[in-house]
Amino acid sequence: MRIWALAMLGAALAAACIASLAVGDQTVALGEVLGALAGDPETPQVSRVIVLDLRLPRVVLAALVGAALGLAGTLTQAIMRNPLAEPGALGINAGAALAAMVVIVRADALPESLLPVFAFAGALAMSATIYVLSWRAGTTSLRIILIGIGLGALAGAGASFISVFGPVAEVQRAMVWLAGSLNDARWVKVQWLVLWGLPALALALVLVRDLNLIALGDTVARGLGQRVDAVRGLAILCAAMLAGASVAAAGPISFVGLVAPHVARRIVGRHHAVLLPTSALCGALLVVLADLAARRVMAPAQVPVGLAAALIGAPFFGYILWKTRHE
């Protein structure tokens, strides 16, 4: 059953990617899309340029960003044991946003090509600060969440202060990035995302058994011999790397890390050996579909994909709140 579920999700993701490659300001026939992907020399040159040079980097980046956010959300909810937890609780979005604001608005001497690097570094730095400040002879999920909310608000205030007193043109460009955007999708961003995400993915696969155990509670995990604080620290590092890489590539995209793990659990259950890849597929499918909707809902204008994902995720967030109202 689980294999069939993964296969169906993979097929749905492939279909969504093909649709995203075909649909746009200029529609490309399905046969020409497949021909361009297969390297068929008989495919018209215009179709090859549209599919391979303009749309394929965006689709691949959307799928990878969604997969990274889905994995990060699963890790966050496992170590926090909170169905409403998502990567933003670790300060990732706030740290990346503050670093991006500094680079775009204030650091005139720095090339904007360094924006992903600084955003990734800001996300990791904020996550590390939250973990250090939450240490009191160990860590607890509640303490991490509370400190994450506080530092996230502080970083958000810093970003707002910079935007208020910054040049209008730079602030407007920064606000587009903060809304979550794939408009500047390039292969170099895909390469950066893969480079930063693969070590975190490998670490997540190593932690599968520990994630199953820590989800039962700190007392049970310690009773069975687990070093809870070490596992929680490694899982936070892994989630921060995955979500930080996605934020660096496409800006903050909300709710994907919240929604994807819940959908995955409904499909395959709670065992992380299958939950992690299923969450990655669900996240990838969600972002690809959100990007497709964002490109077409107000065509020819393009809505930031972060706004489209929020429109999908916000009702689901309300549903989760309603469902857990008695817990």
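Residues numbered from 1 in each chain as written. Predicted model: local features only at pLDDT ≥ 70, side-chain atom pairs only at ≥ 80, totals over all residues. Heavy atoms only, no water.

Okay, the environment of P83 next. With respect to the helices, strands and loops of the structure, P83 is situated in the loop between α3 (45–80) and α4 (92–106). When the C-alpha positions of P83 and I145 are compared, they lie 13 Å apart, and in sequence the two are 62 residues distant. (Helix = DSSP H or I, 4+ residues; strand = E, 2+ residues; numbered from the N terminus.)

Here we come to the environment of I162. On the secondary structure map, I162 appears in helix α6 (residues 141–165). Taking relative accessible area as the criterion, I162 reaches 12% and is therefore assigned buried. Counting along the chain gives 27 residues from I162 to W135, while the straight-line C-alpha distance between them is 30 Å. (Buried < 20%, exposed > 50% of the residue type's maximum accessible area, 1.4 Å probe, protein only.)

Turning our eyes to something else, we now look at the packing of helix α5 (residues 115–133) against helix α11 (residues 228–250). The contact between α5 and α11 brings their axes to 8 Å, and the two run at 155°. The angle between the axes of α5 and α11 places the two elements in the roughly antiparallel class. By crossing handedness, the relation of α5 to α11 is classed as right-handed. Each of P116, A119, F120, A123, L124, S127 and Y131 in α5 lies in contact with α11, whose residues at this interface are D229, G233, I236, A240, M241, G244, A245 and A248. Residue composition of the contact of α5 with α11, by class: eleven nonpolar, three polar and one charged. (Axes fitted to C-alpha atoms, helices over the stretch in contact; angles between N-to-C directions. Parallel < 35°, antiparallel > 145°, perpendicular 65-115°, else oblique. Left-handed = near helix turned anticlockwise from the far one by under 90°. Contact = heavy atoms within 4.5 Å. Nonpolar A, V, L, I, M, F, W, Y, C, P; charged D, E, K, R; others polar.)

Below, the discussion takes up the nonpolar core. Soluble globular proteins tend to pack their nonpolar side chains together in the buried interior. With 99 residues, the main nonpolar core has L61, V65, W177, L211, L242 and I253 as its most contacted residues. Per element, the largest residue contribution to this core is 17 residues, and it comes from α3. Once residues lying within four places of it in the same chain are set aside, the contact partners of L242 are A68, L71, A72, L75, G197, A200 and L201. L213, I214, A221 and V228 belong to the second largest nonpolar core, which has five residues in total. (Core = buried A, V, L, I, M, F, W, Y, C linked by side-chain atoms within 4.5 Å.)

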